[in-house]
4 protein chains.
Amino acid sequence: MLEDLKQEVYEANMKLPALGLVSFTWGNVSGIDRDKGLFVIKPSGVSYDELKPEDMVVVDLNGKVVEGNMNPSSDTPTHTYLYNHFPNVGGIVHTHSPWAVSFAAAKMDVPAMNTTHADTFYGDIPAADALSQSEIEEDYEGNTGKTIVKTFNERHIDYEAVPAALVSQHGPFAWGPTPDKAVYNAKVLEVVAEEDYHTMSLTHNNSDLPQYLLDKHYYRKHGANAYYGQDNAQSKNHADRA
Amino acid sequence: MLEDLKQEVYEANMKLPALGLVSFTWGNVSGIDRDKGLFVIKPSGVSYDELKPEDMVVVDLNGKVVEGNMNPSSDTPTHTYLYNHFPNVGGIVHTHSPWAVSFAAAKMDVPAMNTTHADTFYGDIPAADALSQSEIEEDYEGNTGKTIVKTFNERHIDYEAVPAALVSQHGPFAWGPTPDKAVYNAKVLEVVAEEDYHTMSLTHNNSDLPQYLLDKHYYRKHGANAYYGQDNAQSKNHADRA
Amino acid sequence: MLEDLKQEVYEANMKLPALGLVSFTWGNVSGIDRDKGLFVIKPSGVSYDELKPEDMVVVDLNGKVVEGNMNPSSDTPTHTYLYNHFPNVGGIVHTHSPWAVSFAAAKMDVPAMNTTHADTFYGDIPAADALSQSEIEEDYEGNTGKTIVKTFNERHIDYEAVPAALVSQHGPFAWGPTPDKAVYNAKVLEVVAEEDYHTMSLTHNNSDLPQYLLDKHYYRKHGANAYYGQDNAQSKNHADRA
Amino acid sequence: MLEDLKQEVYEANMKLPALGLVSFTWGNVSGIDRDKGLFVIKPSGVSYDELKPEDMVVVDLNGKVVEGNMNPSSDTPTHTYLYNHFPNVGGIVHTHSPWAVSFAAAKMDVPAMNTTHADTFYGDIPAADALSQSEIEEDYEGNTGKTIVKTFNERHIDYEAVPAALVSQHGPFAWGPTPDKAVYNAKVLEVVAEEDYHTMSLTHNNSDLPQYLLDKHYYRKHGANAYYGQDNAQSKNHADRA
């Protein structure tokens, strides 16, 4: 069942340690088959060096396990919520990558301060509100998805143009058209969080990118007029080119 | 004698360089057989690429060497003290990992500021008092254990729920139900110390986790109601799953 | 066509991930044959582990592709501009290396504060002005080259003695007599940016190098009186010796 | 001639990149045969992956090359000066390791703030005065050795107990009874410089070690009463044990 997607999700999971985004088992990637309404996700607590494609768990959009011998990631309800509310998302990743966590703990956005950021994120990466006590106690993982979606709605952020968020006090989630692209976005977030930290230490002057530079870099790589990479008509699928 | 435990302690020691927790030989792991009242510890000053399982030294709970041709770690009296006063501890590790040392030198706790912390430590990781001149001169390594235990008692911290401490001016000790789990906890300490440092630089606002979030993340992974990993009934032995 | 130069440019590109200067495909190196008036550059958006020497694209000094099946780097007009205005440059590199980007986002020069800097750069590495909206919209990549050249002219900086620049809000460009030397200079920039950041955090005292120390270290390695390395008469081609 | 020493010096040089202390060729190690009054040093500007034991250059205590086809390190006069004035030194190393360089540029000592420091250095690692213009122009490398020795004399620091120094605006030199031990000391300096930086950012309180803790840790590993390692009577040769 969904063997190709399992392989794809497996490979995206294996990129997390390779890209330095996880220690131990602190991360998970999922990918969805929108036609079938099913997604595939890493099992909970399995170490990356033991992980196999067939370990991936198949889950429906109500969060019910449809196939698999193992428990899915404990963050499965967050993935479910995001797939239900971000209809064009094809893959989701959660990590505890340290620079993103540092900003999340400070409850601060990762601001758009350089073109590395603008190449992938069309604006600041928001820090969603921390969950209240009742939100945590009632449905922690589901409400983790909810605070992200609420933040994007309230701040009028396009989730396709800014494909990541921090959850305050917790850490980053990223997404994209595919699981691989979601992992790519998670890495970019980690890189620009580190760069922003250092820029903010170097100067107290305003370092926010002007809108026209954000426009230029983002649309060099995305949309109908993109001219970066080898395959401009499909540039959205190839934003990891340079 | 205790061949399985020697192998287990050897493997836990070998994780220290693999996890980036030690330079040269600056660390040691031990593990205890509570039934026999004996623990096994790395020999002093042997480099990790020469270390062999049979080099491990067997010590009793009076700190006397029972078996082994080599000198045990010079920190053996600290391990002895901790095993005697923390009865549910199965393994202990000491390192000079740099972020933990930086906090220890500043005589500062590593505060609970994010869920990476709460997944493993149910509260701040305390900086035990530095030793006085007479404590150092009389019994340095034994009193190093004593200041840790005293800090946990005075501050009413549960050593099983917060399985690590800093010794001010010196560095970190961590422990757990097994040697492997102790090393895991030492790595988490290092990761969250780095994250806290950056969070504290980003903001002067209070970034302490609220109690209910600490509860949520800690008890997702620990205790009777844990639901993280593949083996919830035994989740305490599997907290390194994600 | 230009097979030796393609190989040379290919090898210089492959040093970028090896030296930790790029994530994903975020960088490009070119090299020029001045006699033919043609340069060779990495194709746009091709990942380093798939890159082959024959993928390199040949471009003339009007920025027109002369040979190659792939699109050249989207930064090709910047390279073209720099080759046209810096006549002794033989190779150019652009990266998004994180320390240099952090300074670029802060719109700050990387000041000459230590001899590691002076061994390669005869003075501060300037942050060129950010582009205006009209400069971005009219000819972004060309004007990126223009702001660098303008900065060197206005500040009377010798581009051969200070072979790198930051473009504010964007990132670093470096150059040299060969593609390999350009990559070397890009790495030195990254190293000294990190060192300067930490020096500037340690002290608010003036840490600028005095002119006589800049003279000493720069001319130990460069020019007619150089005495560093094995081949002093050609020391300019061997500044990567120590 | 001195084949064993060449091998030893070669191996110590090769540890510099392995320990992350050098980029490119920015470092050199030497070792001395005190009976013959000759030392062996890395040739200038040769990259580590091409270096061979037989490339090492033999130099006498007047700084004259006695054997070897290559130019010795351009820092040879500094090594010569130090061997002449620090009579118990058996090996010397110079690097541009980045944390030590950051302190050197700030003209700041690396203070003794933790036991990692005290295990190897019996007190602060001094920043020697920067050279004056005339000192630089007359005999740069020789006077680099001179400012180190002058600092140790004026501040009454025992060069055997504090086996490293920073040269302000430049970088670190370290030494020891053997070339290998000198490299070990250079690594410890880099580690504690990083830790001190972070400790100094965490707190403005005094974090200097008290004398009695410095005594305890230093003499655990050094001198007649050392009890660290497997070979206490010779503990001075085995300080790299833990």
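The written sequence of each chain sets the order in which its residues are numbered from 1. The order in which chains are written sets their letters, starting at A; the order in which ligands are written sets their numbers, starting at 1. Totals for whole chains, interfaces and linings use every residue, but because this is a predicted model, local features are given only for residues with pLDDT of at least 70 and side-chain atom pairs only at 80 or more, for both listing and counting. Remark: hydrogens and water are excluded; side-chain values derive from all non-hydrogen atoms of the structure.

Q: Which residues make up the pattern of salt bridges, and what values do they have?
A: By definition, a salt bridge exists where a carboxyl oxygen of Asp or Glu is found within 4 Å of a side-chain nitrogen of Lys or Arg. This model, assessed by the stated rule, comprises 36 salt bridges over all chains. Residues joined in a network through salt bridges with shared partners are E3, K6 and E67 of chain A.

Q: Which residues make up the interface of chain C and chain A, and what values do they have?
A: Note on definitions: a residue-residue contact is assigned when non-hydrogen atoms from the two residues lie within 4.5 Å. On the chain A side, the residues contacting the 36 residues of chain C number 36 residues. Accessible area, probed at 1.4 Å, shrinks when two parts are joined; the buried area is that loss added up over both. Taking both partners together, chain C and chain A bury about 2,900 Å²; carbon and sulfur atoms supply 57% of that area. If you sort the residues of chain C by the area they bury against chain A, F24, W26 and Q169 of chain C come out on top, with a joint share of 21%. Linking chain C with chain A are two salt bridges, by the criterion used here. As a salt-bridge pair, D75 of chain C and R220 of chain A come within 3.4 Å of each other at their nearest N and O atoms. Under this definition, polar contacts are N or O atom pairs within 3.5 Å; protein pairs additionally need one hydrogen-donor-capable and one acceptor-capable atom, and for neighbouring residues in sequence, both atoms have to be side-chain atoms. Put simply, chain C and chain A have 17 residue pairs in polar contact (both at pLDDT 80 or more) between them. Strands here are runs of E lasting at least two residues and helices are runs of H or I lasting at least four, both read from the DSSP assignment and numbered beginning at the N terminus. Where the side of chain C that touches chain A is concerned, the elements lending two or more residues are β1 (27–33), α3 (98–105), α5 (133–154) and α6 (179–202) of chain C. Looking at the side of chain C that touches chain A, the element that brings in the most residues is α3 of chain C, giving six residues. We call Asp, Glu, Lys and Arg charged. Ala, Val, Leu, Ile, Met, Phe, Trp, Tyr, Cys and Pro are nonpolar, and the rest, Gly among them, are polar. A per-class count over the side of chain C that touches chain A returns 17 nonpolar, 14 polar and five charged.

Q: Account for the packing of aromatic side chains, with residues named and values stated.
A: Residue and element names in this part refer to chain C. To pair, rings of Phe, Tyr and Trp, with the six-membered ring standing in for Trp, must have centres within 6.5 Å; the planes then decide the type, stacked if under 30 degrees apart, edge-to-face if over 60, and tilted in the middle. Enumeration over the complete set of coordinates arrives at 48 aromatic pairs over all chains. Taken together, a centroid distance of 5.0 Å and an interplanar angle of 40° make the contact between F39 and Y83 tilted. Taken as a pair, F39 in strand β2 (residues 38–41) and Y83 in helix α2 (residues 76–85) lie far apart in primary sequence, 44 residues in all. Exposure is judged per residue with a 1.4 Å probe applied to protein chains only, and the accessible area is read against the type maximum: over 50% gives exposed, under 20% gives buried, and values in between give partly exposed. Residue Y83 is classed as buried on the basis of its relative accessible area, which comes to 0%.

Q: Tell me what's going on with the sheet that holds strand β8 (residues 171–176) of chain A, and back it up with residues and numbers.
A: Residue and element names in this part refer to chain A. When DSSP finds at least two bridges between two strands, those strands are taken to pair. Taken in spatial order, the eight strands make up an open sheet running β4-β3-β2-β1-β5-β8-β7-β6, and their pairing is mixed. Sheet topology places β4 (65–67) and β6 (127–128) at the edges, where each strand pairs with a single neighbour. As paired strands, strand β7 (residues 164–167) and β8 are joined by four bridges and run antiparallel to one another. By the bridge assignment for β8, A165 is matched with F173. Helix α1 (residues 3–18) contacts β1 (27–33), β2 (38–41), β3 (57–60), β4 and β5 (91–95) of the sheet and is inclined by roughly 155° relative to β1. Every axis corresponds to a line fitted to the C-alpha atoms, with the helix fit spanning only the stretch in contact, and the corresponding angles, defined between N-to-C directions, vary from 0 to 180 degrees.

Q: Lay out the arrangement of the chains in plain terms, naming residues and giving numbers.
A: Taking C-alpha atoms as the reference, chain B and chain C come no closer than 12 Å and do not contact one another. With no contact formed, the shortest span from any C-alpha in chain A to any C-alpha in chain D equals 12 Å.

Q: How would you explain the sheet that holds strand β3 (residues 57–60) of chain D if you had to name every residue and give the values?
A: Residue and element names in this part refer to chain D. Pairing is mixed in the open sheet, where eight strands are placed in the order β4-β3-β2-β1-β5-β8-β7-β6. Two strands close off the open sheet at either side, each with one partner strand: β4 (65–67) and β6 (127–128). Along the sheet, helix α1 (residues 3–18) contacts β1 (27–33), β2 (38–41), β3, β4 and β5 (91–95); its crossing angle with β1, the most-contacted strand, is approximately 155°.

Q: Pulling in residues and values, what's your account of the interface of chain B and chain A?
A: How large an interface is tends to be reported as the accessible area lost when its parts come together. Across the contact, 36 residues belong to chain B and 36 residues belong to chain A. Carbon and sulfur atoms make up 57% of the surface buried where chain B meets chain A, a total of about 2,900 Å² over both sides. Linking chain B with chain A are two salt bridges, by the criterion used here. Viewed at the interface, chain A and chain B are joined by 17 residue pairs in polar contact (both at pLDDT 80 or more). The set of elements that each furnish at least two residues to the side of chain B that touches chain A consists of α4 (115–118), α6 (179–202) and α7 (211–221) of chain B. The element contributing the most residues to the side of chain B that touches chain A is α6 of chain B, with 10 residues. The residue makeup of the side of chain B that touches chain A, split by class, is 14 nonpolar, 13 polar and nine charged.

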